[in-house]
Amino acid sequence: PGSTRQREREAVIDEDDHAILDLKAQRDQLVGHRRRVEKLLARDEEAARALVKQGAKDRAMLALRKKKQHQQLVADCEVHIAKVDELITNIELTKLQKETVDALTAGVATIKKIQREIGGVDQVERLM
């Protein structure tokens with residue numbers, strides 16, 4: 001049970017949240033694409049083996065070329081996934097830093113307000 005203000009702040013979805021959500025969706029699409037290409041890669045390898053056994057060397061070479069292309073696609077996907085993950089992490093860390101700075105700013109403002117209300121350190125010393 002948090003304060004009403006805290007719950008309202010948590011319920012607000014801003015542009016940053018949408019950007020992070022879009023990036024995560026893009027990452028998920030890239031992961032799905034990588035999985036599909038990995039399946040094609042396995043099929044290419046199986047086809048090349050089968051074609052070698054059948055004696056169709058030219059077709060086996062073609063299957064191996066396709067396999068190499070698919071390997072490159074998998075590597076490219078992994079690079080893109082890593083970049084998107086890094087961007088997501090950086091955005092989330094920066095948002096956390098901003099929230100920390102905002103909390104510190106609010107805390108300092110509260111301290112100054114309370115000090116003004118009690119008349120500052122001089123007022124406390126006069127009372128003692």
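Preceding this section is the structure that the text describes.
Residues numbered from 1 in each chain as written. Predicted model: local features only at pLDDT ≥ 70, side-chain atom pairs only at ≥ 80, totals over all residues. Heavy atoms only, no water.

Novice: For the overall build of the chain, give the residues involved together with the corresponding values.
Specialist: Broken down by element type, the chain carries 4 helices and 0 strands. Element order for the chain, N to C, with α for helix and β for strand: α-α-α-α. Pairs at least 24 apart in sequence give 73% of the contacts found in the chain among residues at least 6 apart. Surface accessibility of the chain: about 10600 Å² in total, with carbon and sulfur atoms responsible for 56%. (Helix = DSSP H or I, 4+ residues; strand = E, 2+ residues; numbered from the N terminus. Contact = heavy atoms within 4.5 Å. Areas by Shrake-Rupley, 256 points an atom, 1.4 Å probe, with all protein chains shown as cover.)

Novice: Explain the packing of helix α2 (residues 15–54) against helix α3 (residues 57–118) to me, and be specific about the residues and the numbers.
Specialist: When two helices pack together, their arrangement is given by the angle between the helix axes and by the axis-to-axis distance. Packing of α2 against α3 leaves a shortest axis separation of 8 Å and a crossing angle of 160°. Relative to α3, the element α2 lies roughly antiparallel. For the crossing formed where α2 meets α3, the hand is left-handed. Of the residues contributing to the contact of α2 with α3, the split by class is 22 nonpolar, 4 polar and 15 charged. (Axes fitted to C-alpha atoms, helices over the stretch in contact; angles between N-to-C directions. Parallel < 35°, antiparallel > 145°, perpendicular 65-115°, else oblique. Left-handed = near helix turned anticlockwise from the far one by under 90°. Nonpolar A, V, L, I, M, F, W, Y, C, P; charged D, E, K, R; others polar.)

Novice: Quick rundown of the side chain of His70? Include the residues and the values.
Specialist: Assignment of secondary structure puts His70 in helix α3. Once residues lying within four places of it in the same chain are set aside, the contact partners of His70 are Val37, Leu40, Leu41 and Asp44.

Novice: Can you tell me about the pattern of salt bridges, naming the residues and giving the values?
Specialist: Under the defined criterion, the tally for this structure stands at 9 salt bridges. Residue Lys95 is joined to Asp17 by a salt bridge in which the shortest nitrogen-to-oxygen separation is 2.6 Å. Note that Lys95 is positioned in helix α3 and Asp17 in helix α2, a separation of 78 residues in sequence. A salt bridge links Arg27 to Asp85; the shortest N-O distance between them is 3.1 Å. (Salt bridge = Lys/Arg side-chain N within 4 Å of Asp/Glu carboxyl O.)

Novice: A description of the nonpolar core should follow, citing residues and the corresponding values.
Specialist: Core analysis: the biggest nonpolar cluster contains 7 residues, these being Ile20, Leu23, Leu30, Val31, Ile81, Val84 and Ile88. Of all the secondary-structure elements, those providing two or more residues to this core are α2 and α3. Per-element accounting of this core gives the leading share, 4 residues, to α2. Setting aside residues no more than four positions away along its own chain, Leu23 makes contact with Val84, Leu87, Ile88 and Ile91. Grouped together as the second largest cluster of nonpolar side chains are 5 residues, Ala48, Ala56, Ala60 and Ala63 included. (Core = buried A, V, L, I, M, F, W, Y, C linked by side-chain atoms within 4.5 Å. Buried < 20%, exposed > 50% of the residue type's maximum accessible area, 1.4 Å probe, protein only.)

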